[in-house]
Amino acid sequence: MDQQSGMFVVARTVGSVLCCDCGVLMPPNAANMCAKCLSSHVNITEGLQKQVTINFCPECRRYLQPPKTWIKAERESKELLTFCVKRLKFKDVRLVHAEFVYTEPHSKRIIVKLKVQKEVLHGAILEKSYDVVYVEHDNMCESCSRSQANPDQWVANVQLRQYVPHRRTFFYLEQLILKHNAASQAIRIKQINQGIDFFFSNRSHGVKFIEFVSKVAPVRSSDDKKQKSHDPKSNIYNYQYTFIVEICPICREDLICLPPKLATSLGNLGPLMICMKVSNSIALVDPRTLGHCFLDADRYWREPFVSLLSSRQLVEYIVLDIDPVSREANVAGSRYVLADAQVARVSDFGRNDTIFNIRTHLGHLLKPGDYALGYDLYGANLNNADLDKYKGLVLPDTVLIKKSYEEKRQKKRGKPRSWKLKSLNMDVDDPTRGKVDPEKINSEYEEFLRDLEENPELRFNISLYRNKEYKPSEVTSVSDGEELPSVPLEELLADLELGDDDEEEEDDEAGDDTMMG
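Just so we're clear, the structure is a prediction, and the values are computed from it rather than from any experiment. (Residues numbered from 1 in each chain as written. Predicted model: local features only at pLDDT ≥ 70, side-chain atom pairs only at ≥ 80, totals over all residues. Heavy atoms only, no water.)

**Q** Help me out: how do you make sense of the packing of aromatic side chains in this one?
**A** Working definition: an aromatic ring pair is given by the centre-to-centre distance plus the angle between the planes. Enumeration over the complete set of coordinates arrives at 14 aromatic pairs. Here the aromatic rings of Phe171 and Phe448 are separated by 5.9 Å at their centres, their planes lie at 40°, and the arrangement is tilted. You can see Phe171 sitting in helix α4 (residues 168-180) and its partner Phe448 sitting in helix α10 (residues 438-454), a full 277 residues away along the chain. Accessibility expressed as a relative area gives 3% for Phe448, which makes it buried. Three or more aromatic residues link up through ring pairs in this structure, and these residues are Phe56, Tyr63 and Phe83. If you follow Lys50 out to its NZ or CZ, it ends over the ring of Tyr130, 5.2 Å from the centre. (Phe/Tyr/Trp six-rings, centres within 6.5 Å; stacked < 30°, edge-to-face > 60°. Helix = DSSP H or I, 4+ residues; strand = E, 2+ residues; numbered from the N terminus. Buried < 20%, exposed > 50% of the residue type's maximum accessible area, 1.4 Å probe, protein only. Lys NZ or Arg CZ within 6 Å of the ring centre and 35° of its normal.)

Printed below as a string of structure tokens:
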């Protein structure tokens, strides 16, 4: 009885009927047959595809989506499941669910379990599951077959160049390319003097790669094409395209003298500036006033200039005294404090008592007794056309660039790091020809690794991986102190290469989950 209205309500019951075929008690339906008898009389999967052949490229591990599109899909991924389902044609049935059935990768088989529904006798809906076997047929795609036949049979060649005496920019650019997988379509990569060459099997792939580089570095590009072959019957021309991409010669930590016209347009900045950051724009900071500006690629190439001094000309100084003269300021995402400092060259110890009184932007980092790296303008022989245009300009004796940890690094020299970087698979010029010096490259790469440890902003956009060979030592960590910069463990990524032990552990965990379910 309904308590609110006080009326008597008859309870609703669901009746049961006997199956007209086997006589089993069952809930009523339109066909008056149980599900077992209904499925024995009607097969809703009849006429549906049970086996499909798909083309798989073993070189680039892509699948052919007819007619000519090759798609990248990992095994048992959503992309591969979508690709498999689209290869089927469903007639008069509705797909309800699809999932993978595990198979060994070397079996060249992919099994997908499908569940479909169909309306059968007198409006009854029947649901049934069945398996579809996809047979992988190895068939190399056009680009892979061309590269296998002749590796030099490229269509587009992107030549990255930077005319500076070091490769620090290319080390950083290599990590950005790896993180964003920008060179996945390259059929060959070659490292040469002052640059890297990327070869592609399609012109559009080369253009896409140039667009990526232009977003992470100030560049300018030019292109040319050369006719390779011509078919007069079909009037088809085959060309080889060459793109020359020049990266601006300004690098991080370079000392720059702005041209007078450019300095005036920027509000009389400088003229001596330090390059603090290079991305798709150049961030410049005045070390004596903390005035700063940003130059994009178009602005730089309209009024190009070169570095007055580069990082290979840095000199080590010792800080004798420092006195901050301003509050902390945020410039280009970094913190700086102006300070008056007394410094002396480390090389002058025991020779003379020369002391330099300078102003620096590193007042938040330096303390008396610290070491710093800077440019020695007192003893430098400068030859710069833009600097000669400033009449009566008084140059500072020294411009400090960064704090030095060389003395502390002596204790850790030769010891492995807790992290590592990946590298592109590049062909290198023969060192006997004198174009590439392996010792010089190794030395510059070590400097690049030190910069990553000292500068968190520099490693923000790249991926660092844990070094499995690294074994921490408690004695070393206590004796070295905490002042030496290092990469925190939370910033490291686990390398995705699984060993045999890891695979066995994953199999055991999967088995446990199945039993619990």
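**Q** What should I look at first to understand the side chain of Glu174 in this one?
**A** For Glu174, the position within the fold is in helix α4. Of the side chains with opposite charge, Arg167 comes closest to the buried, unpaired Glu174, at an N-O distance of 7.4 Å. Residues in contact with Glu174, not counting those within four places in the same chain, are Ser423, Leu424 and Met426. (Lys, Arg positive; Asp, Glu negative; His and termini not counted. Salt bridge = Lys/Arg side-chain N within 4 Å of Asp/Glu carboxyl O. Contact = heavy atoms within 4.5 Å.)

**Q** Just to check I follow, could you spell out the pattern of salt bridges for this structure?
**A** Oppositely charged side chains may form a pair once their charged atoms are brought near each other. Counted under the stated rule, the structure contains 24 salt bridges. With its nearest N and O atoms 3.1 Å apart, the salt bridge here joins Asp427 to Arg188. Taken together, the residues span a long stretch of sequence, with Asp427 in strand β27 (residues 427-428) and Arg188 in strand β10 (residues 186-192) at a distance of 239 residues. With a relative accessible area of 23%, Arg188 lands in the partly exposed category. Among the ionic pairs, Glu406 bridges to Arg450, the shortest N-O distance being 3.1 Å. With Glu406 in helix α9 (residues 406-409) and Arg450 in helix α10, this residue pair connects regions lying 44 residues apart in the sequence.

**Q** Is there a simple way to explain helix α2 (residues 78-86) in this structure?
**A** An α-helix turns once every 3.6 residues. As a result, residues three or four positions apart point the same way. Here α2 has its buried residues at Leu80, Leu81, Phe83, Cys84 and Val85. Residues of α2 that are buried make contact with β3 (51-57), β4 (62-65), β5 (69-72), β6 (94-101), β7 (109-119) and β8 (125-138).

**Q** What am I meant to see in the sheet that holds strand β28 (residues 464-466) here?
**A** The strands that make up a sheet are held in pairs by hydrogen bonds between backbone atoms, and each pair lies either parallel or antiparallel. One open sheet accounts for three strands, arranged β26-β28-β29; its pairing is mixed. Since the sheet does not close on itself, it has two edges, and those belong to β26 (419-420) and β29 (492-493), each with one partner. Two strands pair when backbone bridges link them, and β28 and β29 are joined in this way by two bridges, in the parallel orientation. Its bridge partner lying in β29, Tyr465 is registered against Leu493. (Pairing = 2+ DSSP bridges.)

**Q** Would you explain the confidence of the model for the protein chain in this entry?
**A** Chain-level statistics for the protein chain give a pLDDT mean of 83 and a share of 87% at 70 or above. Across residues 474-482 the pLDDT falls below 50, and counting only partners more than four positions away or on other chains, this stretch makes five contacts in the model. Taken together, the stretch residues 496-517 has pLDDT below 50 and engages in three contacts with residues farther than four places along the chain or on a different chain. (pLDDT = per-residue confidence, 0-100.)

**Q** How do you make sense of α10 when you look at a structure like this?
**A** Compared with an ideal rise of 1.5 Å per residue, which puts 17 residues at 24 Å, α10 spans 25 Å between its outermost C-alpha atoms and is within 8% of the ideal. If you check which residues of α10 are buried, you get Ile441, Glu444, Phe448, Leu449, Arg450, Asp451, Leu452 and Glu453. In this structure, the buried side of α10 is in contact with α4, β10, β25 (398-404), α9 and β26. (Expected span 1.5 Å × (residues − 1).)

**Q** Just to check I follow, could you spell out empty space enclosed by the protein for this structure?
**A** To find leftover empty space, one rolls a probe the size of a water molecule over the atoms. Overall, the coordinates contain one cavity of 30 Å³ or more when judged by the stated rule. There is about 50 Å³ of room inside the largest cavity. Looking at the largest cavity, the residues that line it are Arg75, Glu76, Leu80, Phe100, Val101, Thr103, Ile110 and Ile111. Looking at the lining of the largest cavity, the elements with two or more residues in it are β6 and β7. Looking at the lining of the largest cavity residue by residue, the class counts come to five nonpolar, one polar and two charged. (1 Å grid on protein atoms, 1.4 Å probe; cavity = no way out; pocket = protein on both sides within 12 Å on 5 of 7 lines; lining within 4 Å. Points joined across faces, edges and corners; volume = space filled by probe spheres on them. Nonpolar A, V, L, I, M, F, W, Y, C, P; charged D, E, K, R; others polar.)

**Q** Looking at this structure, I do not really get the nonpolar core. What am I missing?
**A** One recurring pattern in soluble globular proteins is that nonpolar side chains are buried together. Ranked by size, the top nonpolar core spans 39 residues in total, and within it Val158, Leu160, Ile177, Phe198, Phe209, Trp419 and Leu452 carry the most contacts. Excluding residues that lie within four positions of it along the chain, Phe198 makes contacts with Ala156, Asn157, Val158, Leu160, Ile177, Ala183, Arg188, Ile189, Phe209 and Leu424. By size, the runner-up hydrophobic cluster in this structure holds 32 residues, among which are Leu38, Val52, Leu114 and Tyr130. (Core = buried A, V, L, I, M, F, W, Y, C linked by side-chain atoms within 4.5 Å.)

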